[in-house]
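# Working through the structure, step by step
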Amino acid sequence: MTDIPEDEAASGSQTGNHPAPPPLPENPIDATQTHVVAEFKHDIPLTTCRIDPTGTFVFAGAEDFHVYRWNVSGDDTSKTIFAGHQSWVRSLDFSRDGKLLFTAGYDHRIGVWNTADAAPKPINMIDAHKGWVRWVRVSPDGKLLASCGNDNLIKLWSIPDGTLQQEFVGHDRYPYAAVFHPNGKRLASFDLMGVIKDWDIETGKEVRSTEAKFMWGFDQKFRADMGGARDMRFSEDGKTLIIAGLTEVTNAFAGVHKPMLLLVDWKKFEHRHKWKDDAYKGMVWGVCEHPGGFLVASGAPQSGNKGMLWFLKPGEDKPFHSVQLSHCARGLDITPNKRQLAVPQFDGKLCVYQMTAPHKAV
Amino acid sequence: MQREFGCNHIDHEISRRSFVAGSATGAAAVGGLLTPAQAKTLKSGQKRILQIFLQGGVSQFESWDPKPGTKYGGPFRSIPTSVPGTHICELLPHTAKRMHLLSIVRSVDLKTNDHRIGRLRLEKGRMAGEFPYIGAVASKYLAPPNPPLPGYLHISTRGIEDNTNAFLNAQHAQLKLLGVNAPENLARPAGIDEEVAQRRNEFRRLANERFAGRGGQPAFTEAFDSSFEMARRLMKRKSLFEQEPSAKDVERYGSHPFGVRCILARELLNNGATCVKVTHHGYDTHAENFNFHLEQLDEFDKTFCMLLDDLHDSGMLESTLVNVYSEFGRTPKLNQRYGRDHWGASFSVAMGGCGIVPGAVVGSTNADGTEVAEREVGGGHLFHTYLQALGVDTSQDHDIPGRPVPIGDPSVAPIEELLA
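Residues numbered from 1 in each chain as written. Chains lettered and ligands numbered in written order. Predicted model: local features only at pLDDT ≥ 70, side-chain atom pairs only at ≥ 80, totals over all residues.

## Quick word on the overall build of chain A
Formally: Note on conventions: DSSP H or I runs of at least 4 residues are helices, E runs of at least 2 residues are strands, and numbering of each starts at the N terminus. The atom set for the radius of gyration is the C-alpha atoms, and the globule formula is 2.2 Å times the number of residues raised to the power 0.38. For the exposure call, what matters is how many other C-beta atoms sit within 10 Å of a residue's own: 20 or more marks it buried, 12 or fewer exposed, and in between partly exposed, using C-beta atoms placed from the backbone.
Scanning chain A from N- to C-terminus turns up one helix and 30 strands. Taken over C-alpha atoms, the radius of gyration comes to 20 Å for chain A, in line with the 21 Å a tight globule of 362 residues would show. With respect to the principal axes defined by its C-alpha atoms, chain A has extents near 60 × 45 × 35 Å. With 362 residues in all, chain A has 54% of them scored as buried.

Now the structure itself:
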């Protein structure tokens with residue numbers, strides 16, 4: 001992917017009639033030089049985002065029930081609408097070849113779409129759960145789609161025909177996220193109460209269960225539970241489960257809590273490291289692992305509009321770098337070449353950041 | 001706590017006919033399965049109020065006035081109800097099946113976003129001033145002489161204390177019950193038997209008479225008398241608080257605090273209470289509005305409907321006004337915490353039962369729910385409506401010597417189209 005000069009890409013402008021400049025050599029990854037290279041605008045708050053496996057498109061859900069597609073490069077800022085859900089979409093994933101998009105809808109359905117269609121229409125709308133579908137993820141071999149929903153179930157669907165293959169029963173409260181282990185044999189899930197489960201894909205049986213109760217809070221005054229994962233991923237080597245959310249809920253109804261990342265040692269099935277930002281009241285909404293040996297997380301504050309990108313080395317308590325966002329983050333994804341990040345925001349903007357030094361304008 | 005799941009598409013296919021058929025057994029109950037307490041209460045001809053207060057401000061979008069697919073509509077869908085053409089939020093699937101027993105007012109504007117002021121305007125039916133709450137007025141005008149229970153009972157675990165009876169006699173003040181526990185000190189002290197207790201009461205009565213005979217203001221002793229009388233009635237009905245709810249009731253209503261409080265509310269109404277208010281806390285959702293409404297309304301919906309069914313099936317709904325309300329609604333615009341803030345400018349209440357036209361929807365909000373579009377009403381209109389539905393002429397003055405005080409705000413009128 002070609003780097004975009006900052007002063008051009010940030011505005012999404014074209015090079016006009018000037019001849020295209022010769023390709024520039026890629027700057028090395030340097031997270032401390034992270035800067036905006038593209039910005040896409042929508043007039044409704046965004047709910048999530050993902051970048052397709054080819055790194056061509058970035059997709060975002062919005063509170064108007066639709067999913068939108070932009071070109072990651074920012075060369076073309078026009079958007080393509082994916083209309084078909086009757087409620088918000090909070091989770092997205094792709095087939096391994098990137099040709100199919102799967103959308104998890106709060107209208108209880110999973111949408112299946114052709115990723116690159118010029119005028120997208122759903123190929124299939126699966127009545128998937130009784131209640132919101134909170135999460136979808138495709139298996140490493142690309143043959144299965146996992147979903148979880150407000151019926152407390154995790155379900156496996158075959159790709160591409162969308163038939164139900166397996167149901168995992170065991171969560172007592174809403175599972176917020178479910179992700180496949182890179183070995184393709186196990187699946188991890190995380191629920192409202194901070195319960196982590198390890199499932200056997202083939203048998204549908206629960207293998208292990210543990211808790212991260214510090215990522216849940218019960219508000220005694222209002223008698224309500226607050227918790228759950230806002231993002232969850234395995235490290236590429238499969239050794240670590242990374243869970244993004246909140247901790248230290250002191251007032252659930254005012255959203256007073258701190259952002260938290262939990263790293264779970266998958267082999268031992270125990271907490272390896274807990275990271276929270278004591279100086280920042282809010283939530284972690286997205287997390288990605290970078291092969292350069294660090295994590296990137298995005299967050300939203302309890303008040304004010306300054307979202308945050310944190311760059312962290314696993315095991316360390318302080319970020320080695322942070323970037324203030326123009327508004328609250330609602331997720332995070334990383335391009336396949338691991339050079340760029342996409343962040344959907346509450347103000348409707350979707351910003352693409354590059355983790356290198358900016359190229360100087362030629 | 002286990003939550004009930006969202007409804008599926010089949011659940012949305014509701015018809016009034018199917019509900020009526022389903023409640024045929026309930027109708028039979030009117031004929032022959034009433035408890036002695038219910039039979040006695042029904043025979044008395046007394047009218048009463050059940051108030052369900054959703055404390056903190058339930059979102060009108062997530063309850064009675066859904067706006068799916070609009071700018072501020074949020075993620076929930078609307079579902080059809082047993083009243084053709086009337087839709088409510090999908091978080092109320094049980095209520096939707098009973099909508100023909102209820103009516104909705106979607107055009108309430110209380111001119112405030114303050115918890116306390118909103119609550120006072122609804123309870124007193126006045127914009128300001130010291131006036132009695134609806135429950136206190138009901139106690140004064142609907143309770144029989146020597147009622148078996150205090151006239152105005154409020155089941156809650158917290159809330160701001162207030163002068164609920166204002167200038168009415170202290171016997172009409174709210175008695176707050178802390179959950180389902182009996183009020184404190186209900187048991188007679190050890191060593192004082194019935195005879196001694198009666199002699200003590202007689203002595204107190206004589207002392208009061210002597211005080212009055214020497215020119216003492218009766219108001220000074222009335223308040224004490226009321227407290228003693230209230231305590232005496234409650235002591236006689238102590239068993240209401242001591243009996244464990246049946247397994248069947250717990251299964252139907254739920255084992256959560258709101259469930260068991262509604263079971264107690266039913267028993268209090270069955271045993272002659274005039275106004276019972278049950279507060280369900282937890283709607284002040286400045287963050288995570290949708291996740292919290294999933295939880296709170298899941299608790300409310302089925303439990304409320306079980307109570308509504310029991311009143312309906314026993315025949316008591318005809319003489320019981322049911323009122324579901326909050327001190328305000330919630331902002332159309334979502335904040336960055338997925339919360340909705342305080343909004344008194346355009347929200348909804350629901351009511352049904354005694355004297356109320358069932359299945360009606362009064363008023364409306366504009367497309368985005370940001371303001372009332374038609375038939376704006378305030379706390380005064382609702383106050384008149386509730387009490388006139390119960391047969392209280394709110395255009396009259398309170399019977400206070402030397403102080404003609406209109407029962408309802410004379411500057412506003414009841415919502416006539418809701419009065420049966």
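## Examining the overall build of chain B
When you go through chain B residue by residue, the secondary structure sums to 14 helices and 16 strands. Whereas a compact globule of 420 residues would reach a radius of gyration of roughly 22 Å, chain B reaches 22 Å, a difference of no more than 12%. Principal-axis analysis of the C-alpha atoms places the extent of chain B at approximately 70 × 45 × 40 Å. Counting the 420 residues in chain B, one finds 51% classified as buried.

## Focus: the domain arrangement of chain B
Residue and element names in this part refer to chain B. Stated formally: Delimitation of the domains relies on an automatic or database domain assignment. Residue classes follow a fixed rule: Ala, Val, Leu, Ile, Met, Phe, Trp, Tyr, Cys and Pro count as nonpolar, while Asp, Glu, Lys and Arg count as charged, and any other residue, Gly among them, counts as polar.
Along its sequence, chain B is carved into domain 1 (35–182 + 247–418) and domain 2 (188–237). Computed from C-alpha atoms alone, the centre-to-centre distance between domain 1 and domain 2 is 35 Å. By residue class, the composition of the side of domain 1 that touches domain 2 is five nonpolar, three polar and no charged.

## So, the confidence of the model for chain A
Which entries qualify depends on this criterion: Across the chain, each position has a pLDDT score giving the predictor's confidence in that residue, from 0 to 100. Residues are defined as contacting one another if the C-beta atoms placed from their backbone atoms lie within 7 Å.
On average, residues of chain A carry a pLDDT of 92, and 93% of them reach 70 or more. For residues 1–16 of chain A, every residue scores under 50 in pLDDT, and the model assigns this stretch 35 contacts once sequence neighbours within four places are set aside.

## Quick look at the pairing of strand 17 (residues 206–211) of chain A
Residue and element names in this part refer to chain A. To keep things clear, this is the line we draw: A pair of strands is treated as paired once DSSP finds two or more bridges between them.
Sheet analysis places strand 16 (residues 195–200) next to strand 17, joined by five bridges and oriented antiparallel. When the bridges of strand 17 are listed, I196 appears paired with T210. Between the antiparallel neighbours strand 16 and strand 17 lie five residues, among them G204 with a positive phi of about 75°.

## Digging into the interface of chain A and chain B
Across the contact, 25 residues belong to chain A and 19 residues belong to chain B. Taken together, the residues that form the side of chain A that touches chain B break down as twelve nonpolar, eight polar and five charged.

## Let's talk about the sheet that holds strand 23 (residues 270–276) of chain A
Sheet strands pair via backbone hydrogen bonds, and the direction of the pair is either parallel or antiparallel. Residues and elements named next belong to chain A. Stated precisely, the cut-off is as follows: Throughout, an axis means a line fitted to C-alpha atoms (over the contacting stretch in the case of helices), and angles, computed between N-to-C directions, take values from 0 to 180 degrees.
If you trace the four strands from one edge of the open sheet to the other, you get 20-21-22-23, paired in antiparallel fashion. Each edge of the sheet is formed by a strand with only one pairing partner; in this case those strands are strand 20 (231–234) and strand 23. Across the sheet, the axes of successive neighbouring strands diverge by a mean angle of 30°, strand direction being ignored. Sheet analysis places strand 22 (residues 256–265) next to strand 23, joined by six bridges and oriented antiparallel. In the sheet register, L262 faces strand 23, and the bridge partner there is K274.

## Some words on unusual backbone geometry
Between I159 of chain A and the following residue, P160 of chain A, the backbone shows a cis peptide bond with an omega angle of 15°. Mapped onto the fold, P160 of chain A is located in the loop between strand 12 (153–158) and strand 13 (164–169).

## As for the nonpolar core
Rule in force here: A set of buried residues drawn from Ala, Val, Leu, Ile, Met, Phe, Trp, Tyr and Cys, joined through C-beta atoms within 7 Å, is what defines a nonpolar core.
If you look at the biggest cluster of nonpolar residues, it comprises 118 residues, and the most contacted ones within it are V58, I243, L261 and A297 of chain A. Ranked by the residues each element gives to this core, the list is headed by strand 21 (residues 240–251) of chain A, at six residues. Residues in contact with I243 of chain A, not counting those within four places in the same chain, are F190, A212, M215, A229, M232, L262 and V264 of chain A. Counting 91 residues, the second largest nonpolar core, distinct from the first, contains C305, L307, F347 and V362 of chain B.

## Things to note about the environment of R272 of chain A
All names here are of chain A. Its place among the elements puts R272 in strand 23. For the pair R272 and G315, spaced 43 residues apart in sequence, the C-alpha to C-alpha distance is 7.9 Å. Filtering out sequence-adjacent residues up to four positions away, R272 remains in contact with T240, L263, V264 and D265.

## A look at the packing of helix 12 (residues 257–270) of chain B against helix 13 (residues 289–314) of chain B
All names here are of chain B. The condition that has to hold: Any angle that is under 35 degrees is reported as roughly parallel, and any over 145 degrees as roughly antiparallel; angles of 65 to 115 degrees are reported as roughly perpendicular and all others as oblique. Left-handed describes a crossing whose near helix is turned anticlockwise from the far helix by less than a right angle; the clockwise case is right-handed.
Running from N to C, helix 12 and helix 13 cross one another at 15°; their axes reach a closest spacing of 10 Å. Put simply, helix 12 runs roughly parallel to helix 13. Considering only the axes of helix 12 and helix 13, their crossing is right-handed. Where helix 12 abuts helix 13, its residues F258, G259, C262, A265 and R266 lie against E299, F300, T303, L307 and D310. Across the contact of helix 12 with helix 13, the residue classes tally to five nonpolar, two polar and three charged.

## Overview of helix 14 (residues 379–389) of chain B
Residues and elements named next belong to chain B. Among the eleven residues of helix 14, eleven are classified as buried, and the element is accordingly described as predominantly covered. Among all positions in helix 14, only G379, G380, H381, L382, F383, H384, T385, Y386, L387, Q388 and A389 are buried. The inward-facing, buried residues of helix 14 contact helix 6 (115–124), helix 7 (134–142), strand 8 (320–325) and strand 11 (347–353). A positive phi of about 90° marks G391, the residue just after helix 14.

## With respect to the confidence of the model for chain B
It should be kept in mind that the predicted coordinates are not to be read in detail where pLDDT is low. Residue and element names in this part refer to chain B. Predicted confidence across chain B gives a mean pLDDT of 88, with 91% of residues reaching 70 or more. Across residues 1–31 the pLDDT falls below 50, and counting only partners more than four positions away or on other chains, this stretch makes 45 contacts in the model. If you check the scores for this complex, the pTM reads 0.89 and the ipTM reads 0.90.

## With respect to the sheet that holds strand 25 (residues 294–301) of chain A
All names here are of chain A. Strands sit in the order 24-25-26-27 across an open sheet of four strands; the sheet is antiparallel. The open sheet terminates on both sides in strands that have one partner only, identified here as strand 24 (282–290) and strand 27 (321–324). Across the sheet, the mean angle separating the axes of adjacent strands is 20° when strand polarity is ignored. Judged from the five bridges that link them, strand 25 and strand 26 (residues 308–312) form a sheet pairing that is antiparallel. Residue pairing for strand 26: L295 is matched across the bridge by L312.

## Thoughts on helix 13 of chain B
All names here are of chain B. Quick note on the threshold: Every helix has an expected span of 1.5 Å times one less than the residues it contains. Throughout, the bend at a residue refers to the angle made by two axes, fitted to the seven residues ending there and to the seven starting there.
Relative to the 38 Å expected for 26 residues at 1.5 Å per residue, helix 13 spans 36 Å between its end C-alpha atoms, a close match to the ideal helical length. A maximum bend of about 25° is found in helix 13 at L297. Helix 13 sits mainly inside the fold: 23 of its 26 residues count as buried. Downstream of helix 13 by a residue or two, G315 has a phi angle that is positive, lying close to 85°.

## With respect to the environment of F218 of chain A
Residue and element names in this part refer to chain A. Here F218 is to be found in strand 18 (residues 216–219). Residue classification places F218 among the partly exposed residues on the basis of 14 C-beta atoms within 10 Å. Taking C-alpha positions, F218 is 28 Å from P45, a pair spaced 173 residues apart along the chain.

## As for the pairing of strand 2 (residues 46–51) of chain A
Residue and element names in this part refer to chain A. For strand 2, the tally of buried residues reaches six of six residues, placing the bulk of the element in the interior. When strand 2 meets strand 3 (residues 57–62), the two strands line up antiparallel, connected through five bridges. Directly across from R50, in strand 3, lies its bridge partner F59. From the end of strand 2 to the start of strand 3, which pair antiparallel, there are five residues, and G55 there has a positive phi angle of about 75°.

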